[in-house]
Amino acid sequence: QVQLVESGGGLVQAGGSLRLSCAASGRSFNIYAMGWFRQAPGKEREIVAAINWSGTSTDYADSAKGRFTISRDNAKNTVWLQMISLKPEDTAVYYCAAGPGMRAGVKDYPYWGQGTQVTVSS
């Protein structure tokens, strides 16, 4: 079991930046791949970025490539999502999740945080 708590969301103007954090506690954080997902109103939850257990491999949704960066520090039990050049369409609740592998499916991650709201105004 691992517990995840996101922070860092907020209201930002288009073109701005935010850095989301996800703090983990419980079982060994460093055995899990981590993913950042988002869910906009009326839409399905979608993967934004993923990182493997060691931080040596990352993957991004097309919408995030070039603007978002996922990283982790296993010594701090923390994963981050740095977001730049934010657009109104990035508005969503952002969730971090932990799972056995770096995959794109919601069902592939058994552990989830409560989410943090990101709102990008135009």
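Per-chain numbering applies: the sequence of each chain, read as written, is numbered from 1 onward. Predicted model: local features are reported for residues with pLDDT of at least 70 only, side-chain atom pairs are reported and counted for 80 or more only, and whole-chain, interface and lining totals are derived from all residues. The basis for every side-chain value is the complete set of non-hydrogen atoms in the structure, without hydrogens or water.

### Here's the deal with unusual backbone geometry
Rules: Going along the chain from the N terminus, every DSSP run of H or I of four or more residues is numbered as a helix, and every run of E of two or more is numbered as a strand. Working definition: with a 1.4 Å probe on protein chains only, accessible area under 20% of the residue-type maximum means buried, over 50% means exposed, and in between means partly exposed.
The backbone phi angle of N77 is positive, close to 50°, even though this residue is not glycine. A positive phi angle is found at S85, which is not glycine, with a value near 50°. Inspection of the secondary structure puts S85 in the loop between β8 (78–83) and β9 (92–99). Look at S85 and you get partly exposed, because its relative accessible area is 38%.

### Some points on the nonpolar core
Filter applied, for reference: Buried Ala, Val, Leu, Ile, Met, Phe, Trp, Tyr and Cys residues form a nonpolar core when they are joined through side-chain atoms within 4.5 Å. A contact between two residues is defined here by any heavy atoms of the two lying within 4.5 Å.
The biggest cluster of nonpolar side chains holds 30 residues, and the ones touching the most others in it are L4, M34, W36, L81, M83 and Y94. For this core, the elements supplying multiple residues, two or more each, are β1 (2–7), β3 (18–26), β4 (33–39), β5 (46–51), β7 (68–73), β8, β9 and β11 (116–121). The residues contacting M34, other than those within four sequence positions of it, are L4, C22, F29, A49, A50, I51, I70, R72, V79, A97, A98 and Y109. If you look at the next biggest cluster of nonpolar residues, it comprises 5 residues, including F37, A50, A97 and Y109.

### What to know about the side chain of N52
The criterion, for reference: Between N or O atoms, a polar contact is any pair within 3.5 Å; within protein, one atom must be a potential hydrogen donor and the other a potential acceptor, and residues adjacent in sequence are included only when both atoms are from side chains.
Tracing the chain through its elements places N52 in the loop between β5 and β6 (58–60). For N52, a relative accessible area of 15% corresponds to the buried category. In this structure the side chain of N52 is engaged in a polar contact, spanning 2.9 Å, whose partner is the backbone nitrogen of G55. A polar atom in the side chain of N52 sits 2.9 Å from the backbone nitrogen of T56. Not counting the four nearest positions on each side in its chain, N52 is found in contact with Y32, A33, S57, R72 and M102.

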